[in-house]
Protein chains: 2
Amino acid sequence: MNYQIIPLNELVEQFAKLPGIGRKTAQRLALYLLEQPPESAKRFADALLNAREKIHFCKVCQALTDQDICRICEDATRDRSVICVVEEPRDVLAIERTHEFHGLYHVLHGVISPLDGVGPDQLHVKELMERLSSGEVQELIMAMNPTVEGEATASYLSRLTKPMGIKVTRLAYGIPVGGELEYADDHTLVRALSGRNEI
Amino acid sequence: MNYQIIPLNELVEQFAKLPGIGRKTAQRLALYLLEQPPESAKRFADALLNAREKIHFCKVCQALTDQDICRICEDATRDRSVICVVEEPRDVLAIERTHEFHGLYHVLHGVISPLDGVGPDQLHVKELMERLSSGEVQELIMAMNPTVEGEATASYLSRLTKPMGIKVTRLAYGIPVGGELEYADDHTLVRALSGRNEI
């Protein structure tokens, strides 16, 4: 009685698993691909398999790479005395897009979150400590997200690394550029005030 | 100098080609898939290739199917005296979802649009006329979108089929259920007024 097209349903199912994609959007995307020439679906499938197979974590900084050691870590022109510590690989992409940071990265792959059973051992903290042992690193920039867990992780790492004589800094809090004071939340406003600069 | 992960860029590229998916969303979806176990990407790719390979147009009604003739056309319990004419395969899915229509469908795969060089010959009009020649069909429901092109296509088909003694109807226009009068556009309000029913 029902008009079911199993292979279509299966494709819709896959799209609907993606974050932020509801059933209606999933169906629209699946139908769109069916309307395209067969090569399109083939190219999409190839890109998917290829990315999943070739991309893994950099041995050194744990960012995404299709090499043994990522292009940032192997780049001789980058400043090896500064490491920017981030939560996820996507954060590296975001900071790289600014073209303003020339040091190295370290991706923790999460934050300390006792409620979720994530402690330092579940993160790539050990790998960070190994990198610091060479004595080359002079500054660690904590670039975790401004959440309770992000803060906790930053202060944990700070306590761990300051005794080694390493300068630990944190990204500045404040009003987002282009944002409006009226819409900033209280915490952000308080931080923006306390972190004010002379002009 | 740039931090490029070619296989990731290629996957983002593919996602960004989908309708309504911008670059930022494309990157989020690609990264999400890279974080999943490898089987997820494999299943996604398989679903894509399988759907594209198995799904084509029903020989009779031109809707999507993975059979020679779709489940609706081959369903002996459906009313063969009524054909609902729609623009795209997705419209069949939308009407089937209501479980209220028990006739057959015919998918034109577009609408007459002289500006885009689409005339009746570029649509599946010939196939519709063939179906009507059996004399079994007594009513054609025009379910094109309420656009200028949809209207033009409906009146073209109506002129073509009325002389054959076939009743031609059109979906009702009016205020969407749950919509508010205040936000209805003038055209819709005019149609809702002129199509008013006694209660």
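Predicted model, so just to flag it, every value in this text is computed and none were measured. (Residues numbered from 1 in each chain as written. Chains lettered and ligands numbered in written order. Predicted model: local features only at pLDDT ≥ 70, side-chain atom pairs only at ≥ 80, totals over all residues. Heavy atoms only, no water.)

Q: It is not clear to me how helix α4 (residues 89-98) of chain B should be interpreted in this structure. Could you clarify?
A: Owing to its 3.6 residues per turn, the α-helix brings residues three or four apart onto one side. All buried positions along α4(B) are accounted for by B:P89, B:D91, B:V92, B:L93 and B:E96. The inward-facing, buried residues of α4(B) abut α1 (6-16) and α2 (23-35) of chain A together with β1 (56-57), β2 (64-65), β3 (82-86) and β4 (104-107) of chain B. One or two residues past the end of α4(B) sits B:H99, with phi positive at roughly 60°. (Buried < 20%, exposed > 50% of the residue type's maximum accessible area, 1.4 Å probe, protein only. Helix = DSSP H or I, 4+ residues; strand = E, 2+ residues; numbered from the N terminus. Contact = heavy atoms within 4.5 Å.)

Q: Would you take a moment to explain the relation of the copies chain B and chain A for this structure?
A: The pair of chain copies shares a relation made of a rotation about an axis and a shift along it. With an RMSD of 0.1 Å, chain B superimposes on chain A once it is rotated by 180° and translated 0.0 Å along the axis. On the angle and the small slide along the axis, the relation comes out as a two-fold axis. When C-alpha positions in chain B are compared against the rotation axis, the closest is assigned to B:A45, at 2.2 Å. Both copies present the same face, since 100% of the interface residues in chain B are matched by interface residues at the equivalent positions in chain A. (Least-squares fit on C-alpha atoms with pLDDT ≥ 70 in both.)

Q: Whenever I open this one, the pairing of strand β5 (residues 139-142) of chain B confuses me. Can you help?
A: Where a strand is regular, its side chains alternate between the two sheet faces. Residues and elements named next belong to chain B. Of the two faces of β5, the one lined by E139 and I141 and the one lined by L140 and M142 are each fully buried. Looking at chain direction, β5 and strand β6 (residues 167-170) are connected through four bridges and run parallel. Counted as the bridge partner of E139 is K167 from β6. Of the crossover connections in this fold, the one passing from β5 over helix α6 (residues 148-161) to the parallel β6 is right-handed. (Pairing = 2+ DSSP bridges. Right-handed = clockwise from strand over helix to strand, strands pointing away.)

Q: So what exactly am I meant to see when it comes to the packing of aromatic side chains here?
A: A ring pair, where both rings are aromatic, is described by two values, the distance of the centres and the angle of the planes. One pass over the structure, following the stated rule, counts five aromatic pairs over all chains. Taking 5.0 Å as the distance between ring centres and 85° as the angle between the ring planes, the aromatic pair formed by A:F44 and B:F15 counts as edge-to-face. Taken as a pair, A:F44 in helix α3 (residues 38-54) and B:F15 in helix α1 (residues 6-16) lie in two separate chains rather than in one. Owing to a relative accessible area of 1%, A:F44 belongs among the buried residues under this scheme. (Phe/Tyr/Trp six-rings, centres within 6.5 Å; stacked < 30°, edge-to-face > 60°.)

Q: Is there a simple way to explain the domain arrangement of chain A in this structure?
A: Each domain of chain A was delimited in the assignment, giving domain 1 (6-54) and domain 2 (77-170). Here the C-alpha centre of domain 2 of chain A lies 35 Å away from the C-alpha centre of domain 1 of chain A. (Domains from an automatic or database assignment.)

Q: Help me out: how do you make sense of the interface of chain B and chain A in this one?
A: Size of an interface, as often reported, equals the accessible area lost when the parts are brought together. Listed as interface residues are 59 residues of chain B and, on the opposing side, 60 residues of chain A. Between A:R90 and B:E35 there is a salt bridge; the shortest N-O distance is 2.6 Å. For the pair chain B and chain A, the number of links is 12 residue pairs in polar contact (both at pLDDT 80 or more). Every element with two or more residues in the side of chain B that touches chain A is listed here: α1, α2 (23-35), α3 (38-54), β2 and α4 of chain B. Of the residues forming the side of chain B that touches chain A, the biggest block, 14 residues, is contributed by α3(B). Here the side of chain B that touches chain A is built from residues that sort into 32 nonpolar, 12 polar and 15 charged. (Salt bridge = Lys/Arg side-chain N within 4 Å of Asp/Glu carboxyl O. Polar contact = N/O pair within 3.5 Å; in protein donor to acceptor, adjacent residues only side chain to side chain. Nonpolar A, V, L, I, M, F, W, Y, C, P; charged D, E, K, R; others polar.)

Q: I keep staring at the pattern of salt bridges and nothing clicks. Help me out?
A: Opposite charge on two side chains permits pairing when their charged atoms draw close. According to the stated counting rule, one finds 16 salt bridges over all chains in the structure shown. One network of salt bridges, in which partners are shared, links A:E151, A:R170 and A:R191.

Q: Looking at this structure, how should I read the sheet that holds β4(B)?
A: Strand-to-strand pairing in sheets goes through backbone hydrogen bonds, with the strands running parallel or antiparallel. All names here are of chain B. An order of β4-β3-β5-β6 is seen for the four strands of this open sheet, with the pairing classed as parallel. Across the chains shown, the open sheet's two edge strands, defined by having one partner strand only, are β4 and β6. Strand-to-strand twist across the sheet, computed as the mean angle between neighbouring axes with direction ignored, equals 25°. Relative to β5, β3 runs parallel, the two being bridged by four bridges. Considered in β5, the bridge of V82 is made with E139. Helix α5 (residues 125-132) rests against β3, β4 and β5 of the sheet, and its axis sits at about 150° to β4. Of the strands in this sheet, β3, β5 and β6 are in contact with α6, which crosses β5 at around 170°. (Axes fitted to C-alpha atoms, helices over the stretch in contact; angles between N-to-C directions.)

Q: Help me understand the sheet that holds strand β4 (residues 104-107) of chain A, please; the structure alone is not making it clear to me.
A: Residue and element names in this part refer to chain A. With parallel pairing, four strands are arranged side by side in an open sheet as β4-β3-β5-β6. At either margin of the open sheet sits one strand with a lone partner, and together these are β4 and β6 (167-170). Neighbouring strand axes in the sheet, compared pairwise and without regard to direction, differ in orientation by 25° on average. Along the sheet face, helix α5 (residues 125-132) touches β3 (82-86), β4 and β5 (139-142) and points at about 150° away from the line of β4.

Q: What exactly am I supposed to notice about the packing of α2(A) against α4(B) here?
A: Geometrically, a packed helix pair is captured by the angle between its two axes and the distance between the axes. Running from amino to carboxyl end, α2(A) crosses α4(B) at an angle of 145°, the nearest separation of the two axes being 11 Å. Of α4(B), the residues touching α2(A) (which contributes A:K24, A:Q27, A:R28, A:L31 and A:E35) are B:R90, B:L93 and B:R97. Among the residues making up the contact of α2(A) with α4(B), the classes are represented as two nonpolar, one polar and five charged.

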